[in-house]
Amino acid sequence: MSSHADDNRQESFRELLRSLRVWDTELPRFDPGSAPAGPLPLFQQWLREAAEAGVPEPHTMSLATADADGRPSVRTLILHDADERGWHFATHRTSRKGRELAARPQAALGFYWAAVGRQVRVRGTVTAASAAESRADLAKRSTGALAAALVGHQSETLASLAELAQASDAAWERAHREPDAPADTWTLYVLEADEVEFFQGDAQRRHVRLDYRRTEGGSWTRELLWP
């Protein structure tokens with residue numbers, strides 16, 4: 001009986017997947033011939049256009065890292081900036097991603113904006129910013145972000161939700177009382193890209209993929225990829 005119920009549940013799930021559709025709205029056009037020489041201006045333009053199209057939290061991204069044995073991990077977090085230095089994000093250096101970046105300072109980022117059928121993939125080398133810059137980055141964020149940073153212990157085993165609630169309450173109280181309170185392990189990271197790919201979806205599956213690659217001299221080359 002249990003096996004029959006499991007089979008039905010699995011088939012129901014597969015039917016759900018087959019019923020889902022993407023890009024039921026008119027998608028923007030992308031002319032790669034008009035793209036800038038480097039990827040940063042285009043990335044900033046696409047993120048702005050995603051926000052204007054109503055994409056929720058367009059500054060969220062997937063961050064992929066690997067541990068010393070090459071085993072990958074991926075998670076979603078917030079983009080703090082994107083400038084001539086690279087793509088900025090922050091976390092505790094003692095967290096899983098912090099430890100993995102210490103062991104292997106290479107990472108990949110993935111952005112997906114469904115309302116406009118666009119993806120951006122970024123890959124490169126990650127460096128940790130100074131303690132002063134990390135503190136300044138945290139100071140620009142919300143009280144909630146500071147409270148979360150003050151809780152600490154990211155990726156460690158949690159004994160109970162009650163323990164989390166107690167630590168969170170204390171962190172919120174301190175964040176309100178000391179808006180410049182230091183979170184010693186909080187670290188700003190910057191990914192310097194060596195490859196950035198822009199993907200524009202097409203309802204007829206004629207997707208446009210433009211790939212930027214950094215040369216040894218620091219300039220960028222561009223090429224189209226088959227979808």
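In case you missed it, the structure is sitting above this.
Residues numbered from 1 in each chain as written. Predicted model: local features only at pLDDT ≥ 70, side-chain atom pairs only at ≥ 80, totals over all residues. Heavy atoms only, no water.

Here we look at the pattern of salt bridges
All chains considered together, the criterion is met by 18 salt bridges. Notably, a salt bridge pairs glutamate 11 with arginine 18, separated by 2.8 Å at the nearest N-O pair. Its salt-bridge partner being arginine 75, residue glutamate 100 comes within 3.6 Å of it at the nearest N-O pair. Pair noted here: glutamate 100 is in helix α3 (residues 96-103) and arginine 75 is in strand β2 (residues 72-78), with a separation of 25 residues, a long-range link. Here glutamate 100 and arginine 75 have matching classes, each one buried. A network of salt bridges, in which partner residues are shared, links Arg121, Arg123, Glu195, Glu197, Arg209, Asp211, Arg213 and Glu223. (Salt bridge = Lys/Arg side-chain N within 4 Å of Asp/Glu carboxyl O. Helix = DSSP H or I, 4+ residues; strand = E, 2+ residues; numbered from the N terminus. Buried < 20%, exposed > 50% of the residue type's maximum accessible area, 1.4 Å probe, protein only.)

Comments concerning the packing of helix α5 (residues 143-151) against helix α6 (residues 161-177)
Between α5 and α6, whose axes approach to 8 Å, the crossing angle comes to 125°. The pairing of α5 with α6 is recorded here as oblique in orientation. The element α5 and its partner α6 pack so that their crossing is right-handed. For the pair formed by α5 and α6, the contact residues are Thr143, Gly144, Leu146, Ala147, Leu150 and Val151 on the first element and Ala167, Ser168, Ala171, Trp172, Arg174, Ala175 and His176 on the second. Partitioned by chemical class, the residues of the contact of α5 with α6 number 8 nonpolar, 4 polar and 1 charged. (Axes fitted to C-alpha atoms, helices over the stretch in contact; angles between N-to-C directions. Parallel < 35°, antiparallel > 145°, perpendicular 65-115°, else oblique. Left-handed = near helix turned anticlockwise from the far one by under 90°. Contact = heavy atoms within 4.5 Å. Nonpolar A, V, L, I, M, F, W, Y, C, P; charged D, E, K, R; others polar.)

Structural notes on the side chain of glutamate 100
Among the residues examined, glutamate 100 registers a relative accessible area of 6% and is labelled buried. Setting aside residues no more than four positions away along its own chain, glutamate 100 makes contact with Thr65, Ala66, Asp67, Arg71, Ser73 and Arg75.

A few points about the nonpolar core
Grouped together as the largest cluster of nonpolar side chains are 32 residues, with contacts concentrated most on Phe43, Trp87, Phe111 and Trp113. Put simply, the parts of the chain that give this core at least two residues each are α2 (39-52), β1 (60-66), β4 (86-92), β5 (106-113), β6 (118-128), β7 (186-200) and β8 (208-214). In this structure tryptophan 113 touches Phe43, Trp46, Leu47, Ala50, Val55, Pro58, Arg118 and Val120, once residues within four positions along its chain are discounted. The next biggest cluster of nonpolar side chains, apart from the first, holds 14 residues, and it includes Ala129, Leu150, Ala171 and Leu188. (Core = buried A, V, L, I, M, F, W, Y, C linked by side-chain atoms within 4.5 Å.)

Quick word on the packing of aromatic side chains
Inspection of the entire model under this criterion finds 10 aromatic pairs. Three or more aromatic residues joined by ring pairs form one cluster here, namely Phe30, Trp46, Phe198, Tyr212 and Trp220. Sitting over the face of the ring of tryptophan 46, arginine 118 holds its NZ or CZ atom 4.2 Å from the ring centroid. (Phe/Tyr/Trp six-rings, centres within 6.5 Å; stacked < 30°, edge-to-face > 60°. Lys NZ or Arg CZ within 6 Å of the ring centre and 35° of its normal.)

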